[in-house]
Amino acid sequence: MRRRSRVLVRDAVGAAVVVALVGTVAFGGWRLDRRLGAAAAGAATPPTARPAADQRHAGATGPSVPLGLYVGSGAPAAAAAADQALGDKVTYVLDFLPANTWAQLSDPAPFARSWAGTTLRFVIGVPMLPTNGGTLAQGGTGAYDAAFSRLARGLVAAGLGHAVLMVGWQPYSTQNRWHVTSPATAAQYVAFWDHIHQAMAGVPGARFVFEWDAGTVFGSQTDPTRTYPGDRDVDIVATDAFDAGLGGVPADQQWAVLLDQPFGPAWLAVFATAHGKSFALAMSGLVPASANGAGDNSVFVADSVRWAAEHHATMDLLWDQGASTVTDGAFPAAAAVLSRAAQQ
């Protein structure tokens, strides 16, 4: 029996790096038709069979997976440049709605104008609460339904009625005002998520796809399914995957180690299949060596893209901004791998 690596990804430094990458953003038409093809093996048992290392790290990246990018807030020119660097093969672009106040959160018109001209499909991070005002408990009672209905009407009016909505991403991140700290707050999060879904999906013209991003809970003892909003509300189950906090693990083994973590990508992919949902890597990427990452880790990129494709993931969305930018030449080996994957 193979001994499973038990490196805990959420060590104090590694978790801080991933949170810093995702938590510093300013909260800032098609139908989903891809589904995981693998049969569910039971929600609590991740798949363990994997190709041998020499097969995994061969030159080809394997079958294709729809790629997405986060390039910054309201940055259509940067998105176009990154797409061009990958051979015009990018499908999705991620951005986060600004939410300093309820009025700002419920009015997506400035957000839409900031992306004028882009042809990429949107994944929109929808904050559950603005920077100022509101609580999970109140949201769970329906107190903010009107604000999210206004948001939905604004998105439909802006031509974004088919967007993927990543509502309340990373519920265990303390960087987010909707973060969960107990079974009671987990229940409030779930109830609030349900209210948001019902308020937004019920707007005329809405054809949104709702994504639940469990965040970076792998390697911990926190069961992410405590915050699962439920099958009625969720279309895509997702997680995040960065090469941070894996110090001491050789670069060519990092994805496999991360994959095998408790509540890691493999576990969540099985969970998604068991619930009849699509699976996605909501945010993934590389972290500089100076920030406890592995730098230009082309093997991590190749392995993650291949695994996502083999498991028919809806998307693999790369964090391509700041110190983690791949397409600007800072990580040339990883960029080459990603470019090859985009051409598949």
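As the structure is a prediction and not an experimental result, all values here were calculated from the model. (Residues numbered from 1 in each chain as written. Predicted model: local features only at pLDDT ≥ 70, side-chain atom pairs only at ≥ 80, totals over all residues. Heavy atoms only, no water.)

Undergrad: I tried to follow the packing of helix 7 (residues 145–157) against helix 8 (residues 183–201) on my own but got confused; where do I start?
TA: What describes two packed helices is the angle between their axes and the distance between those same axes. At a minimum axis separation of 8 Å, helix 7 and helix 8 run at an interaxial angle of 40°. Regarding the angle of helix 7 to helix 8, the classification is oblique. In the crossing of helix 7 with helix 8, the sense of the turn from one axis to the other is right-handed. The segment helix 7 lies against helix 8, with Asp-145, Phe-148, Ser-149, Leu-151, Ala-152 and Leu-155 engaging Phe-192, His-195, Ile-196, Ala-199 and Met-200. Each residue belonging to the contact of helix 7 with helix 8 can be placed in one class, and the counts come to 8 nonpolar, 2 polar and 1 charged. (Axes fitted to C-alpha atoms, helices over the stretch in contact; angles between N-to-C directions. Helix = DSSP H or I, 4+ residues; strand = E, 2+ residues; numbered from the N terminus. Parallel < 35°, antiparallel > 145°, perpendicular 65-115°, else oblique. Left-handed = near helix turned anticlockwise from the far one by under 90°. Contact = heavy atoms within 4.5 Å. Nonpolar A, V, L, I, M, F, W, Y, C, P; charged D, E, K, R; others polar.)

Undergrad: Looking at this structure, I do not really get the pairing of strand 5 (residues 209–213). What am I missing?
TA: Regular strands place side chains that alternate from one sheet face to the opposite one. Across the 5 residues that make up strand 5, a large majority, 5, are buried. Judged by which residues are buried, strand 5 turns out to be covered on both faces: Val-209, Glu-211 and Asp-213 on one side and Phe-210 and Trp-212 on the other are all buried. Inspection of the sheet shows strand 4 (residues 164–167) paired to strand 5 by 3 bridges, in the parallel sense. Counterpart to Val-164 in the pairing with strand 5 is Val-209. Tracing the backbone out of strand 4, into helix 8 and back to the parallel element strand 5 gives a crossover that is right-handed. (Buried < 20%, exposed > 50% of the residue type's maximum accessible area, 1.4 Å probe, protein only. Pairing = 2+ DSSP bridges. Right-handed = clockwise from strand over helix to strand, strands pointing away.)

Undergrad: What is the right way to look at the pattern of salt bridges in this model?
TA: Think of it this way: side chains of opposite charge can pair up when their charged atoms draw near. Throughout the structure, instances matching the rule amount to 3 salt bridges. We note a salt bridge from Arg-232 to Asp-194, for which the minimum N-O separation is 2.5 Å. Of the two residues, Arg-232 sits in the loop between strand 5 and strand 6 (236–242) while Asp-194 sits in helix 8, which places them 38 residues apart along the sequence. Between Arg-306 and Asp-303 there is a salt bridge, with the nearest N and O atoms lying 3.3 Å from each other. Here the residue Arg-306 and the residue Asp-303 both occupy positions in helix 11 (residues 298–310), the gap between them amounting to 3 residues, near one helical turn. The class for Asp-303 is buried, based on a relative accessible area of 5%. Among the charged side chains, a salt-bridge network with shared partners connects Asp-194, Arg-232 and Asp-233. (Salt bridge = Lys/Arg side-chain N within 4 Å of Asp/Glu carboxyl O.)

Undergrad: Looking at this structure, how should I read the confidence of the model for the protein chain?
TA: Close reading of the predicted structure is inappropriate where its pLDDT is low. When pLDDT is averaged across the protein chain, the result is 81; 80% of the residues are at 70 or more. Scored below 50 in pLDDT, residues 1–63 shows 155 contacts in the model against residues more than four places distant or in partner chains. (pLDDT = per-residue confidence, 0-100.)

Undergrad: Whenever I open this one, helix 7 confuses me. Can you help?
TA: Residues lying three or four places apart along an α-helix face the same way, a consequence of the helix completing one turn every 3.6 residues. Across its 13 residues, helix 7 extends 18 Å between first and last C-alpha, which sits within 8% of the 18 Å expected from 1.5 Å per residue. Against helix 4 (102–105), strand 3 (121–126), strand 4 and helix 8 lie the buried residues of helix 7. Gly-159 occupies a position one or two residues after helix 7 and carries a positive phi of about 80°. (Expected span 1.5 Å × (residues − 1).)

Undergrad: Could you clarify how one ought to interpret the sheet that holds strand 6 in this entry?
TA: Taken in spatial order, the 8 strands close into a barrel running 1-2-3-4-5-6-7-8, and their pairing is parallel. Neighbour to neighbour, the strand axes of the sheet diverge by 25° on average, direction disregarded.

Undergrad: Please explain empty space enclosed by the protein as it appears in this structure.
TA: It is the rolling of a water-molecule-sized probe over the atoms that shows where space remains empty. The calculated volume of the largest cavity comes to roughly 90 Å³. Lining the largest cavity are 13 residues, and of these Ser-284, Val-305, Asp-316, Leu-318 and Leu-338 sit closest to its centre. Of the residues assigned to the lining of the largest cavity, the class counts are 8 nonpolar, 4 polar and 1 charged. (1 Å grid on protein atoms, 1.4 Å probe; cavity = no way out; pocket = protein on both sides within 12 Å on 5 of 7 lines; lining within 4 Å. Points joined across faces, edges and corners; volume = space filled by probe spheres on them.)

Undergrad: Looking at this model, I keep getting lost on the packing of helix 11 against helix 12 (residues 332–342). Mind explaining?
TA: The N-to-C vectors of helix 11 and helix 12 enclose an angle of 20°; their axes lie 8 Å apart at closest approach. In terms of axis orientation, helix 11 runs roughly parallel to helix 12. Considering only the axes of helix 11 and helix 12, their crossing is right-handed. Contacts from Ser-298, Val-301, Ala-302 and Val-305 of helix 11 reach helix 12 at Ala-333, Ala-334, Val-337, Leu-338 and Ala-341.

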